[in-house]
Each structure stands twice: as structure tokens, then as C-alpha cells.
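Summary of structural features
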Amino acid sequence: MAKLAVAIGLFALILVTAPLVAVAYRAGGLGLSAADWSALRFTLWQALLSAILSVLLAIPVAKALSRRHFFGRSTLITLLGAPFLLPVIVAVMGLLALFGRSGVLNTALSALGLPTLSIYGLQGVLIAHVFLNFPLATRMILQGWQAIPAERFRLAESLSFTPREIHRHLERPMLIEVLPGTFATIFAMCLTSFAVALILGGGPRATTLELAIYQAVRFEFDLAHAAGLALLQVLVGGLAALVAWIAARQAGFGAGLDRRLPLPAPTGWRLWLDSTAILFATLFLLGPMLAVLLPAISGLLDLPSQVWPALARSLAVALGSTLLTCVTALVLALGAARGQRWLDIAATLPLATSGLVLGTGLFVLLQPLIPPASLALPVTLLVNTLLALPFAYRLLLPEARALETDYGRLADSLGLHGLARLRLLSLPRLARPLGFSAGLTAALSMGDLGVIALFASESQATLPLVIQRLSGAYKQDVAAAASVLLVASSFALFWLFDRKGRNAQA
Amino acid sequence: MLRLEAVELAQEGFHLSADWELPQGAIVAVIGPSGAGKSSLLSAIAGFFPPVSGEIYVGEQSLSGLSPGARPLTILFQDQNLFPHLTLAENIGLGLHPSLKLSKAEQARVAEVLEQVDLAGLGERKPAQLSGGQLARAALARAMLRARPILLLDEPFAALGPALKIEMLALVEKVARASGATVLMVTHDPADAQRIADLTVLVSDGTAHAPAPTEALFANPPAALQAYLGQ
């Protein structure tokens, strides 16, 4: 197992560094124009604000979900994965339907004679990023809550802890453990924002580096400038990934005996706060999705023929990268939990990159050997695997560490090694985070519209690319109908994996 | 049988040396103040705490370089001796094959040891459905199946009531005498030592002293033991 972890860790490192070296080699240097500087500033500023807002909103929602039981709770938890099932472009279309110039909000405002609000620029980017990321933050923090053994809460109750003391002795240490990783993850994700900035940003005041790379390739045909920007993106993203790496610390909660006990659910103003948090989360999650998807369902029957093969390609890519990501993340997390700290770097390094950076690098590498278009799908599968790896790893690592702390010695003393250990200990004890990771990867991969746009020819398009092309050809109704299909497939994949994991958790 | 040859354990602010051997089949208590290194001594023998110098032998075989599972011994920890997600029968079956691929005959042996520790019929239960005494007996049942020549007990019965603990010690003694296993058990209760231990190792002041006959030791305790006993 240890040797396998080393081999997979090295392989992952090489797969990420080779495109980066190619980019660095091709870049004309780091001579930055004023526009490049302003893109850098905007990229950092919006990522910082997005991460702060997402985490601040996620804490009360996660807390409410951890201690309240109500009708639809598990549906809501599954739904928290939904913004990942929506391709970013579809999510943004939903936000436009609510907050756009002729959206629900502004129609109501102007009917009341009030000034309308614009969703374009920084505020729009922030709304979209919070919509996309606060659910992930909530799920990550909720997992932290669930990782506190129920016995600790029982002990707290027996000592008549008030909610304030429970927070101080149990929840705050957990949050200190979980929040830096959550914040750093979202910050790094927002650093690589492309589609959101493409639609809601743009111009000198709201262009991200990622968008600038795209423009350099597509409009300036300047691969050297694109490579230079990609290098800058990697330097910034690398710093963020380093912060994320340092932010993840060892969990200090002991083992629980798996007796399921309800968590204390205080009444009074805390009940109101929890209710508000849950209501807000539900509305914020459902509003934009319903706004774009509901009107489009009737169009499902008249989908053009190119949609179906594209769906098959997307499913194949999604399932392939899910399998690869889960195997890689599990092996690396178990290795890191047994003390091989450097595997953290191998698993986290992709955070420093982005779809367009890796895509540009692979393009530069492949071009002399083979027409890049002929490898569009394998490259997409590979890039999706690498980009999902940090998230799957982050979700698995704390639980793998807890597993090692609690049962590592016992397993060692019984000679439980290799496949038997995997089958009897690691898989059953890590089924829930593994299922969630698989669902997340499938959804990310299914809805991804990044590297495929750089590589694919007409005959290789995935479903998100077909939707983008339909939308670009002003066939909005058809695009929306295909979006319904895409969202339904993504959601089904996520639901299946996540549910399977939660049912199999021992 | 079990021989500690100039073994030195060290960690920040902690040091322990041991240089003695145990006869085959002896039941040996390890007593001494908390923090003196009783558990560390067992950890070192079990392979979780490599000594900075010295060698540990079982018979003629040196244990250095052997992984914990490959050593000719079984260790019972203070807690977490069973996996909570596996049934009792599976937890015990791990003692035969870590892969849990058991033949009919092996499954019968699992049922047999369950019966020997009065857990017959409970094989399909998960640990959370059992009492502390039942958990301790299950862990002991697995040790019986493994049948390694050395049994290390790191206070696995510390959380049990006095009557249960006495019952468990009697069971340990019965199992050990029947199989001829050497037992090394950590305890902070002198009565435990006097109840079943032939020999006692006193751990204090950075030394695990050579084992001495329990009766004689308590009849005429050296200064360190007097201090520990509060005499």
C-alpha cells in the first residue's frame, strides 16, 4: 500500500508539472501590461470576498443541519451538492433570470418605482461565486460536525453544558480545524473562475486571469501571452494551494462507538436562527435553478440529434474520471494518514492550476506529436480527474486520519494489510466521504466546460460544449432544454454515488 | 523466552531501560506509577515504539524489523480492541485470517471460542450492542484464536467493575495456563498482581526492574515499590 501511494503520488505530480513546465517554456516572460495587473488584482479581490462570504453563510446553515431534524432535511443536504451539478453557465443563466436586467428582482423594483440593480461587475461575480460555493462550504463544515462523536455531545449534556459551552469546547475546535481548509479551497476555486467572469464580468474592471488567458488564445492568437498569463495564474494559485495545505491540520477527536444519538437542539432564538438559515439556504439554492430549468422542460421532446451522442460522451468522461479520482484520492489520503505528508503536495498541487492552464500546457505538449483534437476526450478525462483530486482528497483526509488514529494500531497488531485492510476497514469506514467525493467528481466532470473547449472538434463535443454552442447560436430555448438533460444526468450521478456511500458507511 | 537485551526507550522527557528475560508460560504483572512507562514497554515489545538501542528476542528470534502483526504475540489495548463496524464473529475471525476468508472449519472454531468466553449466539452482534465485559471477553476470544506464545495486556479491563475484572483475570489465567502462553499485563492495582501473577516487573525511575516473584516482592517491598504502594 505504501509503495502504491508513492507511485500514484509521483504520477500525479508528473501529470500536473509537465503541462506547467510546457507553459513556462512557451511563455514569453512575465512582462505584465496594465491590463494584466488589473486582471490579477481583480482575481485576488473577488476570490477573497467570495470565500469569506461563502464560509460566513455556510456556518449557520451547517450548524442548523447538524442539530435539527425536519421533513426534507436529507433532500436539502443532497441539494447542497446541486450547484455543482449545474454547469456554471447554466447556474449563471439562472442568476440572470432572477437578478438580471429583466429578471424577477428588477422587474419588481421598477414596478415599485425603485432604482434597479445591476448584476454585472464585481457584485454579480460575488453572487455567482457564493451561489456556487457556499453549498460546498456547508457540506464540508457539516462533515466536520458529523465527525464529532455523538458521545462527546452526550458527555457535554451530562455536564450540563449550555449551547455556548458546547460551542466553545466541541464546535469551535472543530471549526478551527475545518474552516481554514474550507476557506482556502473556495478561495483557490474562485481564483480559477472562468465562465462566471466570462458572462458577468469582463472589461477592464472585472476580468479574471483565467478569462484573460482565454481571450489571449481565442482573440489575440497569442500563445506566448496566454502562457505568460497562465504562469501568473499558477504562481497565484500555487500560493493559495500552499495556504490550503498549511490550513489542513490534524483532527483531535477520539473515536466514538457508533451509537447514534440526537444532537442537542436548543429552543428560543437559536431555533429561529436555525430556521432562518435553512429557509435561506433552500430559497437561495432553488430559486436560480428553478428559474432557468422549469420553463425549459417542455423543450425536452424536441432536442436536436447531436445532443444524444454528446450526452454519451459526457457520461463516459464523467464515469472514467470519477473512478480515477476516487482510487487516486483514497490511496493518497490513506498514505498521508500513515505519515507520508508529502502526498499532500501531490494531491493539492492541481489546485494551483486550472482547466485552461492545464489545457494550454497539454496543448503545447501534444501539438508537435499528434493533432490535439483527436485526444479531446482522454485529455478532458485526465484534466477533470486532476482538478477533482484535491476536493476528493480533502474530504477523505480527515476521516482517513481519524481512522488511522483510532484503529491503525489494532489493524497493524492483527496483521491487517493490503487489500484485506482496504476491504474490511478503509472502504467500510470511509464509504460516506468516498461516496460524496465520487458524486462531486462525477458532477464536476459532467458539467465541466473548460479544457474541452480548447481541444474538441465538432464531432467530439461533450454536452456542456453543445449547450454553449447552441447558446452561442442564439438557440436559447434549445440550449435551456439540453441544460435540463445535463442537469438531470449530473444530479442522478451525484445522487447515486452520494447515497450509495451514505448507505454503505459502516 | 521473552528476552529484553539492554533495551533503551527514549522520547522527549521520557527514558526507560530494561534488561531481563521471562520464563516461558509465566504470568507477569507490570506495575508502577503512571507515566513511568508501563504502556511504552508493552508498545515496544508489540512493535509500535522502536527502541533506540537493544534487542528484544522471543526464543532465538529477534523482533526488530518485524511488523506488529508478524510478531509472535497478541496485544490487547486499553480500548478500541474491536472494529465497531464488524460483527463480533468477524472481529474474532480476524485473528485467524485478516482477510476474513474463513473455511467452514474455521468458522466453527470462531463459534467455539465464542462459547468458551460465554458469548455463544452473539456472533452477529456489533460491538455497540454489547456491554463492556462482553467486549473484553470478545477481545480475549480473538487472542485465544490467535494462540501466539505471548499475550500483552495494556489494562484492557481497567474500565470494568471489580467483580468483572476478577472474572476476566481468572479467564486470562485459565487461557494462559492451558495454552502455555507468557502473559505480560500492565496494572495499577497491586491486588491484580497478587491474584494471578507469578512474577512482577516494577517500572519506576526510568527502569523496568527485573521480574521478581510476586509474593516475595510484596512481602518485602523495595523502597520504590513502598513509595508506589504508599507504605
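Residues numbered from 1 in each chain as written. Chains lettered and ligands numbered in written order. Predicted model: local features only at pLDDT ≥ 70, side-chain atom pairs only at ≥ 80, totals over all residues. Heavy atoms only, no water.

As recorded in an unreviewed UniProt entry, chain B goes by the name ATP-binding cassette domain-containing protein, listed as coming from Pseudogemmobacter lacusdianii.

Under an unreviewed UniProt entry, the name given to chain A is Thiamine/thiamine pyrophosphate ABC transporter permease ThiP, and the organism recorded is Pseudogemmobacter lacusdianii. Quoted verbatim from the Subcellular location (unreviewed entry) heading of the UniProt record, the comment on chain A is "Cell inner membrane". (UniProt positions renumbered as here; feature names shortened; annotations may be inferred.)

**Some thoughts on the overall build of chain B**
The secondary structure content of chain B amounts to eight helices and 11 strands. Scaling as 2.2 N^0.38, a compact globule of 231 residues should have a C-alpha radius of gyration of about 17 Å, and chain B matches this with 18 Å. Across the 231 residues of chain B, 53% fall into the buried class. Residue pairs at least 24 apart in sequence account for 66% of intrachain contacts in chain B once pairs closer than 6 positions are excluded. (Helix = DSSP H or I, 4+ residues; strand = E, 2+ residues; numbered from the N terminus. Rg over C-alpha atoms; globule rule 2.2 N^0.38 Å. Buried < 20%, exposed > 50% of the residue type's maximum accessible area, 1.4 Å probe, protein only. Contact = heavy atoms within 4.5 Å.)

**Regarding a nonpolar patch on the surface**
Among the surface-exposed residues, A:Trp45, A:Leu48, A:Ile52 and A:Leu56 lie close enough to one another that they form a single nonpolar patch of about 380 Å² accessible area. Looking at A:Leu56, the relative accessible area reads 56%, which means it is exposed. (Patch = residues over 30% accessible without salt bridge, like charges linked within 9 Å, V, L, I, M, F, W, Y side chains within 5 Å. Areas by Shrake-Rupley, 256 points an atom, 1.4 Å probe, with all protein chains shown as cover. Salt bridge = Lys/Arg side-chain N within 4 Å of Asp/Glu carboxyl O.)

**Section: the UniProt feature "domain: ABC transporter" (unreviewed entry) in chain B**
As annotated in UniProt, the feature "domain: ABC transporter" (unreviewed entry) corresponds to residues 2–230 of chain B in the numbering used here. As annotated, residues 2–230 of chain B comprises 35% helix and 24% strand, and the C-alpha atoms at either end are separated by 31 Å.

**Digging into the packing of aromatic side chains**
Describing an aromatic ring pair means giving the distance of the ring centres and the angle of the ring planes. Going through the model one piece at a time under the given rule, you end up with 10 aromatic pairs over all chains. Judged by centre distance (5.6 Å) and plane angle (75°), the rings of A:Phe131 and A:Phe284 are edge-to-face. Pair noted here: A:Phe131 is in helix α7 (residues 122–147) and A:Phe284 is in helix α13 (residues 269–293), with a separation of 153 residues, a long-range link. Residues A:Phe131 and A:Phe284 agree in their burial class; the two are buried. Among the aromatic residues, those joined into a cluster by ring pairs are A:Phe131, A:Phe134, A:Phe280 and A:Phe284. The positively charged end of B:Arg3 is found above the aromatic ring belonging to B:Tyr57, 4.4 Å away from the centroid. (Phe/Tyr/Trp six-rings, centres within 6.5 Å; stacked < 30°, edge-to-face > 60°. Lys NZ or Arg CZ within 6 Å of the ring centre and 35° of its normal.)

**Focus: the pattern of salt bridges**
All names here are of chain B. The tally for this structure, following the rule as stated, stands at 17 salt bridges over all chains. Salt-bridge contacts for Lys165 lead to Asp189; the nearest nitrogen and oxygen are separated by 3.3 Å. One end of the pair, Lys165, is in helix α5 (residues 162–179); the other, Asp189, is in the loop between β8 (182–186) and α6 (190–196), with 24 residues separating them in the sequence. Of the residues examined, Lys165 reaches a relative accessible area of 16% and is grouped as buried. Glu173 is the salt-bridge partner of Arg177, the closest N and O atoms lying 3.4 Å from each other.

**Thoughts on the interface of chain B and chain A**
Taken together, the contact between chain B and chain A spans 23 residues of the former and 22 residues of the latter. When the buried area of chain B at its contact with chain A is split by residue, B:Gln80, B:Phe83 and B:His85 rank highest and sum to 29% of it. At the junction of chain B and chain A, the tally comes to zero salt bridges. Counting the contacts that link chain B with chain A gives six residue pairs in polar contact (both at pLDDT 80 or more). Classifying every residue of the side of chain B that touches chain A gives 13 nonpolar, seven polar and three charged. (Buried area = accessible area lost by both parts, 1.4 Å probe. Polar contact = N/O pair within 3.5 Å; in protein donor to acceptor, adjacent residues only side chain to side chain. Nonpolar A, V, L, I, M, F, W, Y, C, P; charged D, E, K, R; others polar.)

**Comments concerning the domain arrangement of chain B**
All names here are of chain B. As far as domains go, chain B holds domain 1 (2–72 + 148–229) and domain 2 (84–147). Averaged C-alpha coordinates put domain 1 and domain 2 at centres separated by 25 Å. Tallying the contact residues gives 12 residues for domain 1 and 10 residues for domain 2. Taking both partners together, domain 1 and domain 2 bury about 920 Å²; carbon and sulfur atoms supply 71% of that area. Across the domain 1-domain 2 interface, the total number found is one salt bridge. Our count for the contact surface shared by domain 1 and domain 2 stands at two residue pairs in polar contact (both at pLDDT 80 or more). Per-element tally for the side of domain 1 that touches domain 2: the top contributor is α5, with six residues. In terms of residue class, the side of domain 1 that touches domain 2 is made up of nine nonpolar, one polar and two charged. (Domains from an automatic or database assignment.)

**Describing the environment of B:Gly69**
Secondary-structure assignment places B:Gly69 in the loop between β5 (61–62) and β6 (73–76). Under the relative-accessibility criterion, B:Gly69 is labelled buried at 11%. Along the sequence, B:Gly69 and B:Gly123 sit 54 residues apart, while their C-alpha atoms lie 24 Å from each other. Filtering out sequence-adjacent residues up to four positions away, B:Gly69 remains in contact with A:Asp412, A:Ser413, A:Leu414, A:Gly415, B:Arg146 and B:Arg148.

**Points about α13(A)**
Compared with the 36 Å implied by 1.5 Å per residue over 25 residues, the 36 Å span of α13(A) between its first and last C-alpha is a close match. In the structure, α13(A) departs most strongly from a straight axis at A:Leu286, where the bend amounts to approximately 25° and where the proline A:Pro288 lies between one and four residues downstream. (Expected span 1.5 Å × (residues − 1). Bend = angle between axes of the 7 residues up to and from the residue.)

**Some words on the packing of helix α4 (residues 132–146) of chain B against α5(B)**
Residues and elements named next belong to chain B. With their axes 11 Å apart at the nearest point, α4 and α5 run at an angle of 10° to one another. Taken together, the axes of α4 and α5 are roughly parallel relative to one another. Residue-level contacts link Gly133, Ala136, Arg137, Leu140 and Met144 of α4 to Leu164, Glu167, Met168, Leu171, Val172 and Val175 of α5. Within the contact of α4 with α5, the residues separate by chemical class into eight nonpolar, one polar and two charged. (Axes fitted to C-alpha atoms, helices over the stretch in contact; angles between N-to-C directions. Parallel < 35°, antiparallel > 145°, perpendicular 65-115°, else oblique.)

**Concerning the pairing of strand β9 (residues 199–204) of chain B**
Residue and element names in this part refer to chain B. By the criterion of burial, β9 is predominantly enclosed, with six of the six residues buried. The side-chain alternation of β9 yields two buried faces, one formed by Leu199, Val201 and Val203 and the other by Thr200, Leu202 and Ser204. Note that β9 and strand β11 (residues 212–213) share two bridges and pair antiparallel. Opposite Leu199, over in β11, you have Pro213 as the bridge partner. Sheet analysis places β9 next to strand β10 (residues 207–208), joined by two bridges and oriented antiparallel. Residue pairing in the sheet places Val203 in a bridge with Ala208 of β10. Linking β9 to β10, which pair antiparallel, is a turn of two residues; within it Asp205 sits at a positive phi near 55°. (Pairing = 2+ DSSP bridges.)

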